[in-house]
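Residues per chain are reported as follows:
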Amino acid sequence: MPDAAAFAKRGRLADAVIEHLTTAIVTGAYPEGKALPTETALCDMYKVSRTVIREVSTTLAEKGLIVSQQGRGTIVQEQSKWNLLDATVLSALFRRDDGLAYLDSLIEIRLLLECAMSSRAAERITPEEVSELQSLLERLKTISSDPVAYGAADLEFHDFIMKVSGNQLGRAIINGIQGQALATRDYHGHPTVTDIAATHQAHVAIVDAISLHDPEAAARAMHDHIEGSWKHRRRSVG
């Protein structure tokens, strides 16, 4: 479990305790069905007031992580009750020993949603948006020797396609989940210049298909890109 004594200087106290306890619960330091330390013990552990701990408990309950039971105290709920789309819960899940399984699930979600959105983008894209998409591709080409810069621009490229699709809910789901995954090395990997070259060719295929208003080709190109990139990154981590 992360060190409770070291956290409290960061940000608002309640938020710091929420993050620390969420991570402790999700990573199994406090197992499902077991009670958290008492309110008094938590106050002593985190050097905060009862008011802060009560606010923390309310928030953890809203995330589905805990429930108060008469005579038993505050009990950690089973994982099926957790809000897995909550940013703090997601962040902890991706860092668990079985975090790769959740990253695999993220890729499945991306394949389902981004391929459909790429298809829709090919149907909807305007001439002005085609020019903007091609400019994004050209920008990616100019920074292909810098994996870090390319990675940041890559996110902008994918987000633009999702925006063009008009599926704002799908865009929000992917950006929300992926935003937490990006903080893990297992997800973004350590791309080389050679890796970036392969990624760029995949981007070219996606842009070509969308620019030609070919929904099937756009979906196929996006599928090959997401699946191929993840398979390559996953081999390096497990």
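Residues numbered from 1 in each chain as written. Predicted model: local features only at pLDDT ≥ 70, side-chain atom pairs only at ≥ 80, totals over all residues. Heavy atoms only, no water.

## Observations concerning the domain arrangement of the chain
For clarity, the cut-off: Domain limits in this description derive from either an automatic procedure or a database domain assignment.
Assigned domains within the chain: domain 1 (4-81) and domain 2 (97-236). Inter-centroid distance (C-alpha atoms) of domain 1 to domain 2 is 37 Å.

## Observations concerning the pairing of strand β1 (residues 66-69)
For a regular strand, side-chain orientation follows a simple rule: the groups alternate between the two sheet faces. Rules: Here, any two strands with at least 2 DSSP bridges between them count as paired. Helix and strand assignments come from DSSP, with helices taken as H or I runs of at least 4 residues and strands as E runs of at least 2, each series counted from the N terminus.
Where β1 lies against strand β2 (residues 73-76), four bridges are found, and the strand directions are antiparallel. Of the residues in β2, the one forming a bridge with Val-67 is Ile-75. Remark: three residues form the turn of the hairpin made by β1 and β2, two consecutive strands paired antiparallel; Gly-71 in that turn has positive phi of roughly 85°.

## A short note on helix α3 (residues 39-46)
As a reminder, the rule being used: Relative accessibility under 20% of the residue-type maximum defines a buried residue, over 50% an exposed one, and the middle range a partly exposed one, all with a 1.4 Å probe and only protein chains included. The arc under discussion is defined with respect to the helix axis, by the directions toward the C-beta atoms.
Looking only at α3, the buried set comprises Leu-42, Cys-43 and Tyr-46. What you see down the axis of α3 is that its buried residues fit within an arc of 105°, all on one side. Of the residues flanking the end of α3, it is Lys-47, one or two places downstream, whose phi is positive at about 60°.

## Focus: the packing of aromatic side chains
Condition: For Phe, Tyr and Trp, where Trp contributes only its six-membered ring, two rings pair if their centres lie within 6.5 Å, and the inter-plane angle classes them as stacked under 30 degrees, edge-to-face over 60, or tilted in between. The criterion is that NZ of a Lys, or CZ of an Arg, lies within 6 Å of the ring centre and within 35 degrees of the ring normal, and then a charge sits over that ring.
Tallying each qualifying case throughout the model produces one aromatic pair. Aromatic pair Tyr-187 and Trp-230: ring centres 6.0 Å apart, planes at 35°, arrangement tilted. You can see Tyr-187 sitting in helix α10 (residues 185-188) and its partner Trp-230 sitting in helix α12 (residues 215-235), a full 43 residues away along the chain. Among the residues examined, Tyr-187 registers a relative accessible area of 2% and is labelled buried. We note Arg-233 situated over the ring of Tyr-187; from NZ or CZ to the ring centre the distance is 5.1 Å.

## Notes on the packing of α3 against helix α4 (residues 50-62)
For clarity, the threshold we go by: As a rule, the C-alpha atoms of each element are fitted with a line to give its axis, helices using only the stretch in contact, and angles between N-to-C directions run from 0 to 180 degrees. Should an angle lie under 35 degrees it is considered roughly parallel, over 145 roughly antiparallel, and from 65 to 115 roughly perpendicular; all remaining angles are considered oblique. Residue contacts follow a heavy-atom distance rule, with two residues in contact if any of their heavy atoms lie within 4.5 Å. Under the convention adopted here, Pro, Cys and the residues Ala, Val, Leu, Ile, Met, Phe, Trp and Tyr are nonpolar, Asp, Glu, Lys and Arg are charged, and Gly plus all remaining residues are polar.
Two numbers describe how α3 lies on α4: the axes approach to 9 Å, and their chain directions differ by 110°. Here α3 lies roughly perpendicular to α4, going by the angle between them. Between α3, through Glu-39, Thr-40, Leu-42, Cys-43 and Tyr-46, and α4, the contact on the second element is made entirely by Arg-50, Ile-53 and Arg-54. Of the residues assigned to the contact of α3 with α4, the class counts are four nonpolar, one polar and three charged.

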